[in-house]
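# Architecture and fold: a report
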Amino acid sequence: MAYNYTKLYTLFARMIKAKMGLTMIELNGNGKQPAAPFVAFDIVSPRIPITWLEDEDAFECVVSFTVYAKSKVQAMTLCDQLRDMLGKTSARDQYDAAGVVLVERTASQVRYVEETETYAYMVGFDARLRIADVKTDDVGEITEIKTKESLNG
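Residues numbered from 1 in each chain as written. Predicted model: local features only at pLDDT ≥ 70, side-chain atom pairs only at ≥ 80, totals over all residues. Heavy atoms only, no water.

## Description of the side chain of Glu-60
Operational definition: We count a stretch as a helix when DSSP gives it H or I for four or more residues in a row; a strand needs E for two or more, and each element gets its number in order from the N terminus. Think of a polar contact as two N or O atoms within 3.5 Å of one another; within protein, one of them needs to be a possible hydrogen donor and the other a possible acceptor, and neighboring residues in sequence only count if both atoms come from side chains. For this analysis, residues touch if any pair of their heavy atoms sits within 4.5 Å.
By the secondary structure assignment, Glu-60 is in strand β3 (residues 58-69). Within polar-contact distance, the side chain of Glu-60 engages the side chain of Arg-130 at 2.4 Å. Beyond its immediate chain neighbours, meaning those up to four positions away, Glu-60 contacts Pro-46, Arg-47, Ile-48, Ile-50, Val-103, Arg-128, Leu-129 and Arg-130.

## Let's talk about the pattern of salt bridges
Note the threshold: Just to be clear on terms, a salt bridge is a Lys or Arg side-chain nitrogen sitting within 4 Å of an Asp or Glu carboxyl oxygen. Each residue is placed in one exposure class: buried if its accessible area under a 1.4 Å probe, protein chains only, is under 20% of its type's maximum, exposed if it is over 50%, and partly exposed if it falls in between.
In the structure shown here, the tally under the stated rule is four salt bridges. Arg-128 is the partner of Glu-60 in a salt bridge, and the nearest nitrogen-oxygen pair spans 2.5 Å. Highlighted residues: Glu-60 in strand β3 and Arg-128 in strand β7 (residues 119-132), separated in sequence by 68 residues. For Glu-60, a relative accessible area of 7% gives the class buried. Note on Arg-128: relative accessible area 25%, which makes it partly exposed. Between Arg-111 and Asp-126 there is a salt bridge, with its nearest N and O atoms 3.1 Å apart. Of the two residues, Arg-111 is situated in the loop between β5 (109-110) and β6 (113-114) and Asp-126 in strand β7; the sequence distance between them amounts to 15 residues. Look at Arg-111 and you get buried, because its relative accessible area is 19%.

## Notes on the packing of helix α1 (residues 6-20) against helix α3 (residues 89-98)
Using the following cut-off: Axis lines are fitted to C-alpha atoms, over the contacting stretch for helices. Their N-to-C directions set the angle, which ranges from 0 to 180 degrees. Note on terminology: angles under 35 degrees are roughly parallel, angles over 145 are roughly antiparallel, angles of 65 to 115 are roughly perpendicular, and the others are oblique. Helix crossings are classified by the rotation of the near helix relative to the far one: an anticlockwise turn of less than a right angle makes the crossing left-handed, while a clockwise turn makes it right-handed. When residues are sorted by character, Ala, Val, Leu, Ile, Met, Phe, Trp, Tyr, Cys and Pro go into the nonpolar class, Asp, Glu, Lys and Arg into the charged class, and all the rest, Gly among them, into the polar class.
Taken N-terminus to C-terminus, the directions of α1 and α3 make an angle of 155°; their axes are 11 Å apart at the nearest point. In this view, α1 runs roughly antiparallel relative to α3, as classed from their interaxial angle. Read as a crossing pair, α1 and α3 show a hand that is right-handed. Seen from α1, the contacting residues are Leu-11, Phe-12, Met-15 and Lys-19; seen from α3, they are Ser-90, Ala-91, Gln-94, Tyr-95 and Ala-98. Classifying every residue of the contact of α1 with α3 gives six nonpolar, two polar and one charged.

Fair warning: the whole summary comes from geometry, so function is off the table for now.
Next up, the structure:
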């Protein structure tokens, strides 16, 4: 069964808006780019098996966060704040509720792209996540177990 990656986008968009007041967009997504500063989110490696058995219930993925800002200093500062915020205990509580574990965060990197007349000031980092893709079924709750002995006598 396929994992719904919208869950990751929603989780991080809400956290970033609530804690930092920034809008998060999908990198290379459709629509108009918001005014800086904002965060761009990308799923770089969507499904990495944890073991050679490729357990269907858990896997890892790599996501990328890039802060776009009006200056290099502002981009570096906001990126550091974002990186720190994602490692806090309050963030871990939200990860737990979503079935996500933050495995590691890379160091921040300057990610400039030359535009027509100016530079976009971007600083970002990647994060490796472990995801428990818990599956549910419609079997219902088991309330009674009958054994051979209970059936025979």
